[in-house]
Amino acid sequence: MQFFGVPFTVFGDDALQYLNTILGKRAFIITDKNIVKLGLIELIGAELKQANIDWKVFDEVEPDPSIQTVIKSATLAKDFKPDLIIGVGGGSCMDAAKSTLVCYGANIAPLDMSPSDFYNLRATARLICIPTTSGTGSEATWAIVLTDTENQRKIALGSYETLPDIAILDPRMVMSMPPQITGDTGMDALCHAIEGYTATWRTSFTDGPGLMAIRIVFENLKKAYDNGKDEEARKQMMCAASMGGTCFGNGMAGLGHSTGHAIGGLFHMPHGRAVGLYLPYTMEYLINGSEETTRRYAEIARFCNLAEGDDKSCALQLVKAVRELARSVGQPLTVRDAGIKREDYMNAMAGLVERAVNEAMTIAVTRVPEADDLEKIFICAYDGTPCNF
Amino acid sequence: MAKFGTLEWATQFMEAINNSKAYEEAAKTWEGDFYFIIEPGGSIKEPVYQYVDLWHGKCRKVDIVSEAEKDRYKPEFLLSASVATWRKVAEKKVDPIQAIVTRQLKLQGNMGKVMRAVKAAQELVNCVTQVKTEYPE
């Protein structure tokens, strides 16, 4: 038995106008201070006003939101009693919104949520997610990543009831995204789609959105990075991010994410940059030990018109294309280039490996690495040595 | 051949755990006990509670408890499923984490703690495969 779920998705020009047609009394908007400063909440508020919906903003979500932030947000939600929770921002804000819905609707602590439990959250509130970046795909998944600040660890959580009811992809929300964030988050979208397409939990339902997302990212990410005013590229990247989310959210991500989460937890590297950095190294590792994944990489390369020929050469060509795209959108290709000192990195190696070993993504690949192989991958990624083992 | 859901099976499972270096390494920081619950169905007329106490890479105790005696232990985690689902997990036809995520295995307890012990969960399944098991119809 496997599941497949997607939110009702509104996309394209003026998609935010959909908000003035929805039913509700009180909306609790969960975002960060920068989104407020950019005036994006005003656009949403104007639509809610037309729908006669009262609204309140919680703007204290930090990058890599902590459990404490969610508890604070849920406490305020309990006072306000919204029937709509709206997450506006990147993955951090949307994940905080999902967690707030669970804590508010089910009256439990964030870490107590489980996909096994039924909470009947819709009896309390519906969930709307409005991304302001194009990468996390959080608007299309039930997955949540919170940070346990005490143990410097990212924690993957979720419930099927945290899949948003509605995702709104309005290009106005991403037009002001700076190039660096465009590059970081775009690589996250690519990583979701490539890893989702090759995960052992993949299904026919996840393959289609995964393949399309990869092709769209290859065709549009650099355009959006070079010219943030390229509205068509922005729109396409929004769609790719959501499709990438659908792909991995209904399947699973892979080693780029488990290694990326590890460095993100310990060195606070932005999520998309971290997973994008490790993606090509982990792809090489899988090519060296899995014919099945090599074949699927080759399918991607052919579908995206990146290569022709036998499976292995196509797969390696895909790895090369990933690196070229990353370079072209300002991404570090090595941990050293990301500004992390060798000594600090090596001193953290045991923690990096221990975190990566214990990520669910590590076991959802066709070649599951043991701790010693993960350590080799981490070491290769420091200087940019190809993973040839 | 031990019958799944009996003390004989649970004891062999404990031995497999305590002989596994891979589990010991993967679960060296794990502290938490379980009820692995077999839900009624077929020849299983009432739930069977398999108590398993896991501590720092070792299994300290196992027991089998009936519905009437289930308050004997207060484990941190409850993981329940039909015999058919337990068999699929034991035979590696479905990953235990995937089974939890798709509600085939129903988990009660701190999901975050379990999700930080993925490798240990995998090694625990490897221990199950060491036990020659007869499954009830």
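Relevant structure appears above.
Reading guide: rules and limits
- Residues numbered from 1 in each chain as written.
- Chains lettered and ligands numbered in written order.
- Predicted model: local features only at pLDDT ≥ 70, side-chain atom pairs only at ≥ 80, totals over all residues.
- Heavy atoms only, no water.
- Helix = DSSP H or I, 4+ residues; strand = E, 2+ residues; numbered from the N terminus.
- Buried < 20%, exposed > 50% of the residue type's maximum accessible area, 1.4 Å probe, protein only.
- Contact = heavy atoms within 4.5 Å.
- Areas by Shrake-Rupley, 256 points an atom, 1.4 Å probe, with all protein chains shown as cover.
- Lys, Arg positive; Asp, Glu negative; His and termini not counted.
- Charge placed at Lys NZ, Arg CZ, Asp CG, Glu CD.
- 1 Å grid on protein atoms, 1.4 Å probe; cavity = no way out; pocket = protein on both sides within 12 Å on 5 of 7 lines; lining within 4 Å.
- Points joined across faces, edges and corners; volume = space filled by probe spheres on them.
- Nonpolar A, V, L, I, M, F, W, Y, C, P; charged D, E, K, R; others polar.
- Pairing = 2+ DSSP bridges.
- Axes fitted to C-alpha atoms, helices over the stretch in contact; angles between N-to-C directions.
- Salt bridge = Lys/Arg side-chain N within 4 Å of Asp/Glu carboxyl O.
- Patch = residues over 30% accessible without salt bridge, like charges linked within 9 Å, V, L, I, M, F, W, Y side chains within 5 Å.
- Arc of directions from axis to C-beta.
- Phe/Tyr/Trp six-rings, centres within 6.5 Å; stacked < 30°, edge-to-face > 60°.
- Lys NZ or Arg CZ within 6 Å of the ring centre and 35° of its normal.
- Buried area = accessible area lost by both parts, 1.4 Å probe.
- Polar contact = N/O pair within 3.5 Å; in protein donor to acceptor, adjacent residues only side chain to side chain.

## Section: the overall build of chain B
The helix and strand tally for chain B stands at six helices and seven strands. Counted from the first residue to the last, chain B has its helices and strands arranged as β-α-α-β-β-β-β-α-α-β-α-α-β. In terms of overall dimensions, chain B has a C-alpha envelope of 35 × 30 × 30 Å along the principal axes. Counting the 137 residues in chain B, one finds 57% classified as buried. Sequence separation of at least 24 residues holds for 64% of the intrachain contacts in chain B that already meet a minimum separation of 6. Roughly 6,300 Å² of accessible area belongs to chain B as shown, and the carbon and sulfur atoms make up 51% of that amount. Separation between the mean location of the 20 positive side-chain charges and that of the 19 negative ones in chain B comes to 4 Å.

## Some words on the layout of surface pockets
In this model, the second largest pocket occupies a volume close to 590 Å³. Looking at the second largest pocket, it is lined by 25 residues, and the ones nearest its centre are A:Glu354, A:Asn358, B:Glu25, B:Ala26 and B:Thr29. Contributing elements (two or more residues each) for the lining of the second largest pocket: helix H13 (349-357) of chain A together with helix H2 (21-26) and helix H6 (118-129) of chain B. Looking at the lining of the second largest pocket residue by residue, the class counts come to 10 nonpolar, three polar and 12 charged.

## Some thoughts on the sheet that holds strand E8 (residues 166-169) of chain A
Residues and elements named next belong to chain A. In spatial order, the strands read E1-E8-E5-E4-E2-E3; together these six strands make up an open sheet with parallel pairing. Edge positions in the sheet fall to strand E1 (8-11) and strand E3 (54-58), since each of these pairs with one other strand and no more. Direction aside, neighbouring strands of the sheet carry axes that sit 20° apart on average. The pairing of strand E5 (residues 126-131) with E8 spans two bridges and is classified as parallel. For Ile 128, the partnering residue across the bridge sits in E8 and is Ile 166.

## Comments concerning the pattern of salt bridges
Residues and elements named next belong to chain A. Under the counting rule described, the total for this entry stands at 33 salt bridges over all chains. For Arg 296, the salt bridge identified is with Glu 299, shortest N-O distance 3.8 Å. Residue Arg 296 and its partner Glu 299 are both found in helix H10 (residues 291-303); the two are separated by three residues, about one turn of the helix. When its relative accessible area of 26% is taken as the criterion, Glu 299 is described as partly exposed.

## Some thoughts on a nonpolar patch on the surface
Among the surface-exposed residues, A:Phe4, A:Val6 and A:Phe205 lie close enough to one another that they form a single nonpolar patch of about 290 Å² accessible area. Assignment of secondary structure puts A:Val6 in the segment before E1.

## Notes on helix H2 (residues 40-50) of chain A
Residues and elements named next belong to chain A. Within H2, burial applies to Leu 40, Ile 41, Ile 44, Gly 45, Glu 47 and Leu 48. Here the buried residues of H2 occupy an arc of 165° about the axis, which is enough to place them on one side. The exposed set on the far side of H2, more than 90 degrees from its buried face, consists of Glu 42, Lys 49 and Gln 50. Those residues of H2 hidden inside the fold are in contact with strand E2 (26-30), helix H1 (33-37), E3, strand E4 (84-89) and E5. Following H2 by one or two positions, Asn 52 adopts a phi angle in the positive range, close to 60°.

## Examining the packing of aromatic side chains
Evaluated as defined, the whole model comprises 22 aromatic pairs over all chains. Aromatic pair A:Trp142 and A:Tyr160: ring centres 4.5 Å apart, planes at 45°, arrangement tilted. Note that A:Trp142 is positioned in the loop between E5 and strand E6 (143-148) and A:Tyr160 in the loop between strand E7 (153-158) and E8, a separation of 18 residues in sequence. These aromatic residues form a ring-pair network of at least three members: B:Trp30, B:Phe34, B:Phe36, B:Phe77 and B:Trp86. One Lys or Arg, A:Lys376, reaches over the ring of A:Phe389 and ends 5.2 Å from the middle of that ring. Its end group placed over the ring of A:Phe118, B:Arg103 keeps NZ or CZ at 3.9 Å from the ring centre.

## Observations regarding empty space enclosed by the protein
All names here are of chain B. In this structure the tally under the stated criterion is four cavities of 30 Å³ or more. Of the voids in this model, the largest cavity is the one considered here, and its volume is about 400 Å³. As for the largest cavity, its lining consists of 27 residues, and the residues nearest its centre are Phe 36, Leu 79, Ala 121, Leu 124 and Val 125. Elements supplying a minimum of two residues to the lining of the largest cavity: helix H1 (7-18), strand E2 (31-38), strand E3 (48-55), helix H3 (83-90), helix H4 (96-101) and H6.

## A look at the pairing of E3(B)
Residues and elements named next belong to chain B. Burial analysis of E3 places seven of its eight residues in the buried class, which makes it a mostly covered element. Across eight bridges, the pairing between E2 and E3 is antiparallel. Looking at the pairing, Glu 31 lines up with Trp 55 of E3. Bridge count between E3 and strand E4 (residues 58-65): seven bridges; the pairing is antiparallel. When the bridges of E4 are listed, Val 52 appears paired with Val 62. Taking the residues that link successive antiparallel strands as the turn, the E3-E4 hairpin has two residues, and the phi of His 56 there is positive, at about 50°.

## Description of the interface of chain B and chain A
Taken together, the contact between chain B and chain A spans 21 residues of the former and 25 residues of the latter. Overall, the association of chain B and chain A removes approximately 2,200 Å² of surface from exposure, summing both partners, and the carbon and sulfur fraction of that is 56%. Contact with chain A buries area across many residues of chain B, yet B:Arg103, B:Arg116 and B:Lys119 alone supply 32% of it, more than any other trio. The tally of links from chain B across to chain A stands at one salt bridge. The salt bridge involving B:Lys119 is made with A:Glu370; its shortest N-O contact spans 2.9 Å. Joining chain B to chain A, the criterion identifies seven residue pairs in polar contact (both at pLDDT 80 or more). Elements with a contribution of two residues or more to the side of chain B that touches chain A: H4, strand E6 (106-108), helix H5 (111-115) and H6 of chain B.

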